[in-house]
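# Chain and residue survey
Here's the letter readout for the chains.
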Amino acid sequence: MLNTFYVSQVSFIWRLILKTINAPVAAFCALVISIGVHAGPDVLPAGINSPMFNYGVFQNLEQRYEENGSLWKMGDLRSVEYDASYLSKVSPDAKNLITALNAFGLSHGQSINYGILKFEIDPSMQYFAPIYAYGVTKNWTIAVGAPIITYAVDIELHTVNSNLESYKAVYQGRVSDDLDRALNLDIKSETLKTIEQRGYKPLISQKSQFLSDMQIVSIYKLQQTPYVDFFYLTTVGLPTGPQYDPDDLIALNTFGLASIENTLATTFKGVYGLSATPYIGYQYVLPDSITARVPLNDDDNLPDANQKENVHRSTGGKWVFKSEGEWKASDALTFSSAYVQNQKAADSFSGDKGTRYDLLSKNTYAREEIYSMKVSFNTVKAYFKKKALFPYIVYYEFSDLFKGENVNRRTLHELNFKMFF
């Protein structure tokens, strides 16, 4: 009796849940390559090599900033209570069931509750990024990085607060087969069955490791004065990461993109070891083609396998604004903090069949604000004074995405180690 209802409504809820996992996460592992001793950008001396190793762990990914900027835990945000009021609104079959139960008196149908379908989704991510940098000239340094990502998702569904057992005790086996089927309907099973029938991969907890999009970075010192340095940075992203998968609801689907980002930075050097570096940059992602499931309409939140088609995708460009301050406490110890604001435009899609490509663009606009704190220790000057075995820099950084729209919250703990020879 309620199967039609579940095909549409349970599918809809799952689509909402899993779109939160597929938030733009390419920025999670974007390489911020600082070659010099201080926190801002710098270049290596000509002919100097610098191997680096970044290791980062992301936390709080299960929290989500909605379009209005409000922060929710994904499981709490998307859980749905299947009470009589909700069922009557979304399913004619359910409304008929409730009416039939009411005929037995005491408004029995109005009290029926299939329970709350709870979604427990816990994504986690960590990365290891080996980086190699080389001083081409005294003003120009290039670097290449290859982030390796470990991505895991724990998924659990369960229902709570159902009163179906009391209805079964009174009506099961005494009215009709249709009523018995309705009373024995398992929300969780129907959800998973619908996903499978639509041709999607099984929804199970999983863990994977893969090479993300590699990056090539160019840092050029435009001008150097006693008080101000000017830099021009170019970051080229290579589509070496996993390709878009229309059949995997928990795939990140944010890699495999070719991009170029141009950034201007100015370091103002003050007294007492203080300096400040504002940045402004823009990332352009090259258009590409993917196989996607195109919705038929606004209510088609879980497109069927026969709705796959090759579409052209234009990923929205992203403005990056950053302000970084630094205090060089000693030759070896430096403290810094930064504020970053990213604004990404919505994606756009087109194709040859004239279907609803606009629906693929929903909630692809994103805005995020991040603060970070960093402490670094280096032995570069100590090495030249013959007080250290070799020159290196090691730092720890903590950052938090504390405000945003259409993004998952994320806090990052990162360790970096770099050598020079």
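Note: the structure precedes this text.
The following paragraphs examine the structure supplied in this document. (Residues numbered from 1 in each chain as written. Predicted model: local features only at pLDDT ≥ 70, side-chain atom pairs only at ≥ 80, totals over all residues. Heavy atoms only, no water.)

## Description of the sheet that holds strand β13 (residues 288–293)
- As summarised here, the arrangement of the three strands in space is β13-β14-β17, forming an open sheet in which the pairing is antiparallel. Each edge of the open sheet is held by one strand with a lone partner, namely β13 and β17 (348–350). In this sheet, adjacent strand axes meet at a mean angle of 45 degrees when their direction is disregarded.
- Bridge analysis of strand β14 (residues 308–314) against β17 gives three bridges, and the strand direction is antiparallel. When the sheet's bridge partners are listed, S314 is paired in β17 with S348. (Pairing = 2+ DSSP bridges. Helix = DSSP H or I, 4+ residues; strand = E, 2+ residues; numbered from the N terminus. Axes fitted to C-alpha atoms, helices over the stretch in contact; angles between N-to-C directions.)

## Side note on unusual backbone geometry
- Located in the positive-phi region is N60, a residue other than glycine, with phi close to 65 degrees.
- Position of N60 relative to the elements: it lies in the loop between β1 (49–59) and β2 (63–65).
- In this model, Y272 sits at a positive phi of 60 degrees, which is unusual for a non-glycine residue.
- Relative to the elements of secondary structure, Y272 occurs in the loop between β11 (259–269) and β12 (274–285).
- For Y272, a relative accessible area of 72% puts it in the exposed group. (Buried < 20%, exposed > 50% of the residue type's maximum accessible area, 1.4 Å probe, protein only.)

## Examining the packing of aromatic side chains
- Following the criterion strictly, the structure yields 13 aromatic pairs and no others.
- Judged by centre distance (4.9 Å) and plane angle (55 degrees), the ring pair of Y282 and W319 falls under tilted. Here W319 lies in strand β15 (residues 318–328) and Y282 lies in strand β12, a separation of 37 residues in the sequence.
- W319 gets classed as partly exposed once you look at its relative accessible area, which sits at 41%.
- In this structure an aromatic cluster arises from ring pairing among Y339, Y371, F398 and F402.
- A cation over an aromatic ring shows up here: R293 above the ring of Y200, its NZ or CZ 3.6 Å from the ring centre. (Phe/Tyr/Trp six-rings, centres within 6.5 Å; stacked < 30°, edge-to-face > 60°. Lys NZ or Arg CZ within 6 Å of the ring centre and 35° of its normal.)

## Some remarks on the side chain of K344
- With respect to the secondary-structure elements, K344 resides in strand β16 (residues 333–344).
- Of note is the side chain of K344, whose polar atom sits 2.7 Å from the side chain of D347.
- Once you skip the residues sitting within four places of it in the chain, K344 turns out to touch T315, G316, G317, K318, T364, Y365 and A366. (Polar contact = N/O pair within 3.5 Å; in protein donor to acceptor, adjacent residues only side chain to side chain. Contact = heavy atoms within 4.5 Å.)

## What to know about the sheet that holds strand β20 (residues 407–408)
- As summarised here, the arrangement of the three strands in space is β3-β2-β20, forming an open sheet in which the pairing is antiparallel. The open sheet terminates on both sides in strands that have one partner only, identified here as β3 (71–73) and β20.

## A word on helix α5 (residues 164–171)
- Taken residue by residue, α5 has L164, Y167 and Y171 as its buried positions. Each buried residue of α5 lies within a common arc of 60 degrees when the element is viewed along its axis, so the set occupies one face. Away from its buried face, by an angle of more than 90 degrees, α5 presents the exposed residues E165 and A169.
- Looking at the residues trailing α5, positive phi occurs at G173, about 75 degrees. (Arc of directions from axis to C-beta.)

## Quick notes on the environment of N301
- Checked against the element boundaries, N301 lands in the loop between β13 and β14.
- Assessed through its relative accessible area of 19%, N301 is described here as buried.
- N301 sits 58 residues away from L359 along the chain, and the two C-alpha atoms are 9.4 Å apart.

## What about the nonpolar core?
- Ranked by internal contacts, the top residues of the largest apolar core, which has 24 residues, are M125, I149 and Y151.
- Taken together, the elements giving at least two residues each to this core come down to β5 (113–137) and β7 (148–160).
- At six residues, β5 tops the list of elements feeding residues into this core.
- Within the second largest apolar cluster, eight residues are counted, among which are L44, M52, A143 and V380. (Core = buried A, V, L, I, M, F, W, Y, C linked by side-chain atoms within 4.5 Å.)

## Re the pattern of salt bridges
- For the coordinates displayed, the defined rule picks out 17 salt bridges.
- Across the salt bridge formed by D247 and K308, the nearest N and O atoms sit 2.9 Å from each other. Of this pair, D247 sits in the loop between β10 (228–237) and β11 while K308 sits in strand β14, placing them 61 residues apart in sequence.
- Overall, K308 belongs to the partly exposed group, its relative accessible area being 30%. (Salt bridge = Lys/Arg side-chain N within 4 Å of Asp/Glu carboxyl O.)

## Thoughts on the environment of F377
- Along the polypeptide, F377 turns up in strand β18 (residues 366–378).
- C-alpha separation for the pair F377 and V394, spaced 17 residues apart in sequence, amounts to 5.4 Å.
- Apart from the residues within four sequence positions on either side, F377 is in contact with A332, Y392, I393 and V394.

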